[in-house]
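Chain by chain, the residues run as shown.
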Amino acid sequence: MAANPMYQFNVYRIGPEIKINNIDISFTNASLFMVISSLAILIIFNLGTKRSIIPNKIQLLAELSYSFISKMISDTAGSKAKPYFSFIFSLFMFVLFCNMFGMIPYSFTVTSHIIVTFVLAAFIFIGVTIIGFIKHGLGYLKLFVPSGVPMVLLPLIVVIEIISYLSRPISLSVRLFANMMAGHTMMKVFGGFVVSLGIVGGWLPLGFSVALTGLEILVAFLQAYVFAILTCIYLNDALNLHH
Amino acid sequence: MLKKIIFQILALSLIFTYSVQSAESGGMPQLNPEFWISQIFWLVLTFGLLFIILSKFILPKISNNLETRKSQILENIETADKQREETEKKVKEFDKIINDTKVEAKNFFNSERQKVLDDINNKKLSLEKDIEKEIIKAEEEIDQLKKTSQEKVTKIAIETSSDLVKQLIGEDINKSSLSAIVEDLSKKEMEKHNGI
């Protein structure tokens, strides 16, 4: 077993190499965990669709998460964001389940790869921008011109606003990726300490490791939540232009 | 002291792990573009399928369940309210009936009592009348008896006195003068008797 804490992020091929037009789309361990997460979500929420007046535990879980996300969307983006509910729900659940499956030892964390989070963030960014232009036309550009700013400062503010808008996909993707990667690396490093210090000194890093596991589970949930709520906020900007 | 030892151990272990790590090739696997296209492909595939299945099949069912539960609860609350109102009405009716019966019973009792009292009064009155009549009759009888007895007494006195005088003197005396004397005496006696 490699002691390199970055080894856990390695992507390797499972099964045969699949190539279409010289592009490698082989099934990898990352793909495996994406499939597992999606299937887990589908199974759990499909079990939660029983029609009973008094819900059982899984149904309660499904309904509570439904109302939780529904409330989150209506709180941050208003009632206009209702058509995007199922997208944000899937996004939150996908990120959450990928994060949580990553917490199982020797598993693979899909969201610890910048390319995955970046594709998600870029999709959200492009989608939100398209929605904004469809809803407000060229008026959406008013987003970069906040009201009540002195004329002298306006050129500067507009530039800053544009940069902050364009950096949204990067900040969104890097936040999730860096959190997951840092947490898992840290756990691996402390695990390495436990091994190298042996039975004499290994107890302290072991304790750290246990505490970090708890923290990481919290972070896994929190980052999924942050990812979803930032999507809601961007959507809010596109749907309800306040500037 | 303990802190120092822990710190030393940590530093030592860091050196150990670092030396082990540096033996292997470092770097972040995330920045290796070998499987980027594959990851993007599988991400789009799985997430797309997840989104489609969730939005088409699963989420509508859940929201439907929530809606029906909400509406059912509202309905139940409504019927419960209705039934409560009905119960209150029934209780009021019941109270009214009880009150009415009480009043009726009271009235009945009062009227019966009045009847009985009237009856008693009437009987009393008639009885008193009868008694008075009887008393008056008795008094009249007494009066008559008194009168007749006086007359009889005076008659007897006159007769006996005339008889006595006849035997004593041997001749008849004028009856009227005798009766005048007797009446005068009896009157005096009566006056004496009556205390006048």
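Residues numbered from 1 in each chain as written. Chains lettered and ligands numbered in written order. Predicted model: local features only at pLDDT ≥ 70, side-chain atom pairs only at ≥ 80, totals over all residues.

This part covers the overall build of chain B. Along its length, chain B carries three helices and zero strands. Ordered by position from the N terminus, the helices and strands of chain B form the series α-α-α. Out of the 196 residues belonging to chain B, those deemed buried represent 8%. (Helix = DSSP H or I, 4+ residues; strand = E, 2+ residues; numbered from the N terminus. Buried ≥ 20, exposed ≤ 12 C-beta atoms within 10 Å, placed from the backbone.)

Here we take up the interface of chain A and chain B. Contact with chain A, which involves 46 residues of that partner, is made by 37 residues of chain B. Only β2 (23-24), α1 (29-47), α2 (57-77), α3 (85-102), α4 (114-136) and α6 (168-201) of chain A provide two or more residues apiece to the side of chain A that touches chain B. Considering every element that reaches the side of chain A that touches chain B, the biggest residue donor is α1(A), with nine residues. For the side of chain A that touches chain B, the per-class residue count stands at 28 nonpolar, 15 polar and three charged. (Contact = placed C-beta atoms within 7 Å. Nonpolar A, V, L, I, M, F, W, Y, C, P; charged D, E, K, R; others polar.)

Residue and element names in this part refer to chain B. Chain-level pLDDT for chain B is 84 on average; 86% of the residues reach the 70-or-more range. Within chain B, helix α2 (residues 36-169) carries the highest mean pLDDT (91), whereas helix α1 (residues 2-23) carries the lowest (59). In this model, residues 19-24 is a region of pLDDT below 50 whose contacts with residues beyond four sequence positions or in other chains number six contacts. The ipTM, which scores confidence in the relative placement of chains, is 0.89 for this predicted complex, and the corresponding pTM is 0.71. (pLDDT = per-residue confidence, 0-100.)

Okay, α3(A) next. Its 18 residues place the ends of α3(A) 26 Å apart at the C-alpha level, agreeing with the 26 Å of an ideal helix rising 1.5 Å per residue. With 13 of 18 residues buried, α3(A) is to be regarded as a mostly interior element. (Expected span 1.5 Å × (residues − 1).)

Attention now moves to the packing of α4(A) against helix α7 (residues 203-239) of chain A. Residues and elements named next belong to chain A. The contact between α4 and α7 brings their axes to 8 Å, and the two run at 20°. Relative to α7, the element α4 lies roughly parallel. In this structure, α4 meets α7 at a crossing whose hand is right-handed. When α4 is examined against α7, the residues I124, V128, I131, G132 and K135 are found in contact with a partner set consisting of T231, Y234, L235, A238 and L239. Partitioned by chemical class, the residues of the contact of α4 with α7 number seven nonpolar, two polar and one charged. (Axes fitted to C-alpha atoms, helices over the stretch in contact; angles between N-to-C directions. Parallel < 35°, antiparallel > 145°, perpendicular 65-115°, else oblique. Left-handed = near helix turned anticlockwise from the far one by under 90°.)

All names here are of chain A. A positive phi is found at N21, a non-glycine position, where the angle reads about 50°. Among the structural elements, N21 can be located in the loop between β1 (19-20) and β2. According to the C-beta neighbour criterion, N21 is exposed, with 5 such atoms within 10 Å. The residue N22 is not glycine, and still its phi comes out positive at about 70°. For N22, the location among the structural elements is in the loop between β1 and β2. Residue N22 is classed as exposed on the basis of its C-beta count, with 5 C-beta atoms lying within 10 Å.

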